[in-house]
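Coordinates in review
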Amino acid sequence: MKLLKSMAAAMMLAPAFLVAQTSLTGAGATFPQPMYIKWFDEYHKAHPEVQINYQGGGSGAGIRQATEGTVDFGASDGPMNETQLGDFKTKRAGAEALHFPTVMGAVVPIYNVPGVSTALKFTPVALAGIYLGTITKWNDKAIADANKGVKLPASDIVVVHRSDGSGTTYIFTDYLSKVSADWKAKVGANTSPNWPTGLGGAQSPGVAGLVKQTEGSIGYVELLYAVQSNLAYGSVQNASGEFVSASLAGVSAAAAAAAANMPDDFRVSITDAKGKGVYPIASFTWLLIPSKIADPAKKKVLVDFLKWMLNDGQNMTEALTYAKLPKEVVAKELKSISKIH
């Protein structure tokens, strides 16, 4: 009798045991990585039976690994294109790649110019020219005219960019493609563009590190990396002609128009958005979730995490310099979770 009771108790505990062993793996974008690590840690505290591991290797890696099925979910700062979506569906036995916006953030131009302590201002013309290699000196007229009263050196500009497939790069080049016809024609928006000039750094920390150790350099990283690395970052002239420094308010302003007209698949660009106070190099970032998940335990955890992220998780964003999702986007995402089956 005791044996039967023990067996019955074990059978009742079996489902809980399976959930207790649930472990998920994700990979991709470094732009939101600090936020994701915070979220996964907090979610684990609330659900000790669940472990979510995340490896930042760049958005290109996130898309590739999600497509190949070597991770449970991917992460990207640039939405997948039609070719990538088709490849995902083919390799994942008909599953769609669902895009779920998680937070919004800013990409900022960071620089290391000896003797310059004032926050520099960058026009679209200057940023495009620097990365095209047509503006090569810090005292070039395109930079000097926007920074009256700042003594800029006649030294060479050392351009730094990402060496890996990067969503942060996609955001930056998407912006440059909108503000510069030359950039759009010669380089375009891409996670791994054919750079006209510059040195490559691995992931956001690599770019920040190169700029920090190289005098006369300029790079681009997510705002948090600039703050954490104690690097100067400049304001950028927006479509309204204002020079705006990256801030939560500026990013939220960029998302305002997109929120009201968000497409059903959430693939949208908010760079160079129009409006007062808009920071122009801003973007959503996305989790890439397969629409079909064979493992019921993993499916349950992913669905539950997405709901938690869209509710409790949003209250943790601003402490790490990310902007909350607009309420309209959150509501639309909560409905879209039902597409996971």
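Bear in mind the structure is a predicted one, so any value in this text is a computation, not a measurement.

1. Structural notes on the overall build of the protein
Along the backbone of the protein there are 13 helices and twelve strands. A compact globule built from 341 residues would reach a C-alpha radius of gyration of about 20 Å, and the protein, at 22 Å, matches this within 12%. Viewed in the frame of its principal axes, the protein has a C-alpha envelope of about 90 × 35 × 35 Å. Split into buried and exposed, the 341 residues of the protein put 52% on the buried side. Contacts in the protein between residues at least 24 apart in sequence constitute 74% of all its contacts with a sequence separation of at least 6. Summed over all atoms, the accessible surface of the protein reaches about 14800 Å², with 55% contributed by carbon and sulfur.

2. Comments concerning the side chain of His99
Considering the arrangement of structural elements, one finds His99 in strand E4 (residues 97-112). For His99, a relative accessible area of 5% puts it in the buried group. A polar atom in the side chain of His99 sits 3.1 Å from the backbone nitrogen of Met80. At 3.4 Å, the side chain of His99 and the backbone oxygen of Ala97 are in polar contact. With near-sequence residues (within four places) excluded, His99 lies in contact with Pro79, Met80, Leu85, Asp265, Phe266, Arg267, Trp286, Leu287 and Leu288.

3. Some thoughts on the sheet that holds strand E5 (residues 121-122)
Spatial ordering of the open sheet is given by E5-E10-E11, a layout of three strands whose pairing is mixed. Every other strand in the sheet has two partners, leaving E5 and strand E11 (243-244) as the edge strands with one partner each. Looking at chain direction, strand E10 (residues 235-237) and E11 are connected through two bridges and run antiparallel. For Val236, the partnering residue across the bridge sits in E11 and is Val244.

4. Concerning the confidence of the model for the protein
Residue-level pLDDT values for the protein average 92, and 94% of them are 70 or greater. Taken together, the stretch residues 1-19 has pLDDT below 50 and engages in one contact with residues farther than four places along the chain or on a different chain.

5. A word on the pairing of strand E12 (residues 282-290)
Counting buried positions along E12 yields nine of nine residues, so the element is predominantly enclosed. Across the two faces of E12 the burial is the same, with Ala282, Phe284, Trp286, Leu288 and Pro290 and Ser283, Thr285, Leu287 and Ile289 all buried. Pairing geometry for strand E3 (residues 73-76) and E12, over three bridges, is antiparallel. Opposite Gly74, over in E12, you have Leu288 as the bridge partner. Across nine bridges, the pairing between E4 and E12 is antiparallel. Each bridged residue has a counterpart across the sheet, and for Ala97 the counterpart in E12 is Pro290.

6. As for the packing of helix H5 (residues 124-132) against helix H7 (residues 167-179)
Across the interface, H5 lies against H7 with an axial gap of 10 Å and an inter-helix angle of 115°. Two packed elements cross with a definite hand, and for H5 against H7 that hand is left-handed. Every residue of H7 that contacts H5 at Pro124, Leu127, Ala128 and Tyr131 is listed here: Phe172, Tyr175, Leu176 and Val179. Looking at the contact of H5 with H7 residue by residue, the classes come out as eight nonpolar, no polar and no charged.

About the cut-offs
- Residues numbered from 1 in each chain as written.
- Predicted model: local features only at pLDDT ≥ 70, side-chain atom pairs only at ≥ 80, totals over all residues.
- Heavy atoms only, no water.
- Helix = DSSP H or I, 4+ residues; strand = E, 2+ residues; numbered from the N terminus.
- Rg over C-alpha atoms; globule rule 2.2 N^0.38 Å.
- Buried < 20%, exposed > 50% of the residue type's maximum accessible area, 1.4 Å probe, protein only.
- Contact = heavy atoms within 4.5 Å.
- Areas by Shrake-Rupley, 256 points an atom, 1.4 Å probe, with all protein chains shown as cover.
- Polar contact = N/O pair within 3.5 Å; in protein donor to acceptor, adjacent residues only side chain to side chain.
- Pairing = 2+ DSSP bridges.
- pLDDT = per-residue confidence, 0-100.
- Axes fitted to C-alpha atoms, helices over the stretch in contact; angles between N-to-C directions.
- Left-handed = near helix turned anticlockwise from the far one by under 90°.
- Nonpolar A, V, L, I, M, F, W, Y, C, P; charged D, E, K, R; others polar.

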